Amino acid sequence: MEGIVLNYTISPDDFTRAGEASSDVKRKLKQLGVSPEAVRKVAIAMYEGEINMVIHANGGEITVEITPERILMILADSGPGIPDVEKAMQAGYSTAPDEVRSLGFGAGMGLPNMKSYTDDLKIETKLGVGTTITMEVRLE
Amino acid sequence: MDKFYHSVRLEEELCKGCINCIKRCPTEAIRVRNGKARINSKFCIDCGECIRVCSHHAKKATYDKLDVMRNWKYTVALPAPALYSQYNNLDDVNIVLNALILMGFDDVFEVSAAAELVSEATREYLTLHEDQYPIISTACPTVVRLIRVRFPNLISHLLPLKPPIEVAATIAARRAMEQTGLPREDIGICFISPCPSKVTYAKAPLGTEKSQVDCVLAIKDVYPQLLSHMKAVGEDMLELSTSGKIGVSWGRSGGEAGGLFTENYLAADGIENVIRVLEDLEDQKFTNLKFVELNACNGGCVGGVLNVENPYVAEVKLKRLRKYMPVARSHMENQEHAEEIVPWTERVSYEPVFNLGENMMESFARLNQVERLCRKFPGLDCGSCGAPTCKALAEDIVRGEASENDCVYYLRENLHRLSEEISILADDLHAGGSGGHETLNILKEYIQRISSEMSLLDNKEDEEDG
């Protein structure tokens, strides 16, 4: 069966638009009849990722591949990279600037939430080059 | 009763086939087909936006006429708190309640009194179900219907308590039977409603098998009648009111949540705002919220389309009225069987009406097709095809309910292409190229195609005129 590939460009520094991509994916997954639980996981994980790209990485590209077996989200940016991935994965660890925190973001739960709401998460990052995060939610 | 029963209907002869309603419908449930608006009953949630926006008054709410009262031996009026907010300088709810008796009802039972019981039951439910936070109000039937078709992940957060209208109807019916000795079928429980959504609830409720409401009258019909009777109410009027601030406040947005004695609540009103909040709730963007109150109409129930007064003026009147009221006058402990009356007796389950196909295979193929079609269409969302957006047209096409030629831009492009090809062929013929006879035949074929596509455009105009 033909899978579905969706591409999104995330614009930098625009919090009002952050979440547009994940909303669109959510709507399409519902139209496909994907289980509500999987829709929820994808929506939460992808929104976290989108926000991260806006806060830290000057935006980027998101590719979502959907097949009946799994949903793959590839979030690629050319931002500063993550210096210490292990630390970034700890709940509550945050490097978000104050103005971002004042908007209610930057609680240090981004990556930990992305991990807990997906079945697989891979981070490839290089300082000064960028970060690519690949997340997978498997469908029964 | 049909689980997709609707009280919002189209008055066909009044419909001009314009695109106002298709653009405003929050669930994209309306299409203009053959020059008339059609409501998809699976998508419609009876919010009443199309009634509000239709300048030709072609969208109507179904409700009962005032003479329906003659159908029963004994009738009880159930006034919604929004009714009180329609009158100027009203200082005492008893004037309205006594006027309802003068109008011909045998008894009255305030929905606001039942609302106080629901508030109390909700407070208790909140303390016992922290795991279910945030708990979403189920008083607005449109919101429950919206969640049922669009937010499956939030169904488990729904407050499983009956709305005040149902609790009021149940208590009123029991009381009437006890007082009169009449069988249930001789008693008419008549709700006086601010909105069509409550009509839908009475006919096809969610959360309970069958509603105890027997008929629904519109506030706008009752309002003028009642006004004259209110003038006749004298000093000797009966004390009929059994509700206070908490109950009456349910008539406006924030009123229900205000009766829960917690700061951790969110109250949103207006269907578009409600949808935005639900989207964000689904993505877990809120933390530390206990309760979410959602009303489909701007301002809450005072904003319903069956009211007379401007919702914001009505809100001011409601505030003035409740100023000297006691906090609450109806309590669970004074109400017999309250514990069994208030909770839901039926679960609400997800209705995946927006699925593109019958199964996942079909849905996948169709979504891919939608994506391809969307790239083809101009993306103007002009509505000329009868669908609210290009994407909605693409979805209709893959569901087999529309065709690409419904898009006037697509059709125009087709015509341009055909006429260009004709001119190339004609040039070819003129230059005396080989197979002159064959080229002539192809030319004829092309001209036929153009005229048949042109006639499609004619049909469209006919439809719009008709």
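One structure accompanies this document, and this report is about it. Computed from a prediction, not measured in an experiment: that's the story for all the values here.

**Here's the deal with the overall build of chain A**
Logical step 1: Scanning chain A for helices and strands turns up five helices and five strands.
Logical step 2: The N-to-C order of helical and strand elements in chain A reads β-α-α-β-β-α-α-α-β-β.
Logical step 3: Computed over the C-alpha atoms, the radius of gyration of chain A is 14 Å, within 12% of the 14 Å expected from 2.2 N^0.38 for a compact globule of 140 residues.
Logical step 4: The principal-axis extents of the C-alpha atoms in chain A amount to approximately 45 × 30 × 25 Å.
Logical step 5: With 14 positive and 21 negative side-chain charges, chain A shows a separation of 4 Å between the mean positions of the two kinds.

**As for the pairing of strand 3 (residues 70-77) of chain A**
Residues and elements named next belong to chain A.
Logical step 1: Burial of strand 3 is extensive: six of the eight residues sit out of reach of the surface.
Logical step 2: Judged from the six bridges that link them, strand 2 (residues 60-66) and strand 3 form a sheet pairing that is antiparallel. Its bridge partner being in strand 3, Glu-61 is matched across the sheet by Ala-76.
Logical step 3: Judged from the eight bridges that link them, strand 3 and strand 5 (residues 130-138) form a sheet pairing that is antiparallel. Within strand 5, the residue paired with Ile-71 across the bridge is Val-137.

**A closer look at the interface of chain A and chain B**
Think of interface size as the accessible area that goes away when the parts come together; that is how it is often given.
Logical step 1: Facing the 25 residues of chain A at the interface are 24 residues of chain B.
Logical step 2: Each partner contributes to the roughly 2,300 Å² buried at the junction of chain A and chain B, and carbon and sulfur atoms together form 53% of this total.
Logical step 3: Inspection of the chain A/chain B interface yields seven salt bridges.
Logical step 4: A salt bridge links B:Glu395 to A:Arg27; the nearest nitrogen and oxygen atoms lie 2.5 Å apart.

**A look at the pairing of strand 10 (residues 265-269) of chain B**
Residues and elements named next belong to chain B.
Logical step 1: With five bridges connecting them, strand 10 and strand 11 (residues 291-295) associate as parallel partners. What sits directly across from Leu-266, in strand 11, is Val-292.
Logical step 2: On the question of chirality, the crossover connecting strand 10 to the parallel strand 11 by way of helix 12 (residues 271-282) is right-handed.

**Describing the nonpolar core**
Logical step 1: With 55 residues, the main nonpolar core has A:Tyr8, A:Leu29, A:Val64, A:Ile66, A:Ile71, A:Met73 and B:Phe377 as its most contacted residues.
Logical step 2: By residue number, the principal contributor to this core is helix 2 (residues 36-56) of chain A, which donates 11 residues.
Logical step 3: Those residues within four positions of A:Leu29 in sequence are excluded, and the remaining contacts are A:Val34, A:Val39, A:Val42, A:Ile66 and A:Ile71.
Logical step 4: Among the nonpolar cores identified, the runner-up in size contains 50 residues, and B:Cys50, B:Ala218, B:Val353 and B:Phe354 belong to it.

**Considering the environment of B:Phe261**
Logical step 1: As for its position among the elements, B:Phe261 is in the loop between helix 11 (255-258) and strand 10.
Logical step 2: What B:Phe261 contacts, discounting residues up to four positions off in sequence, is B:Arg123 and B:Ile246.

About the criteria used
- Residues numbered from 1 in each chain as written.
- Chains lettered and ligands numbered in written order.
- Predicted model: local features only at pLDDT ≥ 70, side-chain atom pairs only at ≥ 80, totals over all residues.
- Heavy atoms only, no water.
- Helix = DSSP H or I, 4+ residues; strand = E, 2+ residues; numbered from the N terminus.
- Rg over C-alpha atoms; globule rule 2.2 N^0.38 Å.
- Lys, Arg positive; Asp, Glu negative; His and termini not counted.
- Charge placed at Lys NZ, Arg CZ, Asp CG, Glu CD.
- Buried < 20%, exposed > 50% of the residue type's maximum accessible area, 1.4 Å probe, protein only.
- Pairing = 2+ DSSP bridges.
- Contact = heavy atoms within 4.5 Å.
- Buried area = accessible area lost by both parts, 1.4 Å probe.
- Salt bridge = Lys/Arg side-chain N within 4 Å of Asp/Glu carboxyl O.
- Right-handed = clockwise from strand over helix to strand, strands pointing away.
- Core = buried A, V, L, I, M, F, W, Y, C linked by side-chain atoms within 4.5 Å.

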